Amino acid sequence: MVDELGTIDSIVRHEYQLDTPARDIVEMSAERYWEYTKESIVRAVGESGAERRSIRSIGVSSQGETPIVVDRNRVPLRKAL
């Protein structure tokens, strides 16, 4: 979290294990990505000490591209690749 003066109040990292069911396959449940994202946001807000009402935006960064195929109701059809 960064305050209005540009001071970093909190940084949160969440490491995770990827599923590797075969030598050439790497995947992870799309739901797990979402759960880890929510947990990280809650931790960052808590560690920053900021009042929730004062937060104007939150930035999330992740490494790499990960296609998540969803149906028309945005429900994942398979694990993220």
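Note that this is a predicted model, so its numbers are computed, not measured.

Each value, and the rule that gives it
Residues numbered from 1 in each chain as written. Predicted model: local features only at pLDDT ≥ 70, side-chain atom pairs only at ≥ 80, totals over all residues. Heavy atoms only, no water. Helix = DSSP H or I, 4+ residues; strand = E, 2+ residues; numbered from the N terminus. Buried < 20%, exposed > 50% of the residue type's maximum accessible area, 1.4 Å probe, protein only. Salt bridge = Lys/Arg side-chain N within 4 Å of Asp/Glu carboxyl O. pLDDT = per-residue confidence, 0-100. Expected span 1.5 Å × (residues − 1). Arc of directions from axis to C-beta.

Caption draft 1: Inspection of unusual backbone geometry at higher detail. Its identity is not glycine, yet R74 carries a phi of approximately 65 degrees, on the positive side. In this fold, R74 is placed in the segment after α1 (30-48). On the basis of relative accessibility, which here comes to 73%, the residue R74 falls in the exposed class.

Caption draft 2: Inspection of the pattern of salt bridges at higher detail. With the rule as written, the count across this model stands at six salt bridges. A salt bridge links E15 to R13, with the nearest nitrogen and oxygen atoms 2.2 Å apart. The class for R13 is exposed, based on a relative accessible area of 61%. Here K38 ties to E35 by a salt bridge, and the two come within 3.1 Å at their closest N and O atoms. Taken together, the residues span about one helical turn, with K38 and E35 both in helix α1 at a distance of three residues. When its relative accessible area of 37% is taken as the criterion, E35 is described as partly exposed.

Caption draft 3: Looking closely at the confidence of the model for the protein. Chain-level statistics for the protein give a pLDDT mean of 86 and a share of 98% at 70 or above. Per-element averaging of pLDDT across the protein places α1 at the bottom with 89 and strand β1 (residues 19-22) at the top with 92.

Caption draft 4: Summary view of α1. An ideal rise of 1.5 Å per residue puts 27 Å on 19 residues; α1 measures up with 27 Å between its terminal C-alpha atoms. Listed in full, the buried residues belonging to α1 are A30, Y33, Y36, S40, A44, V45 and S48. Down the axis of α1, the smallest arc covering the buried residues is 165 degrees, so these residues share one side. Looking at α1, the residues exposed on the side facing more than 90 degrees away from the buried face are V42 and G46.

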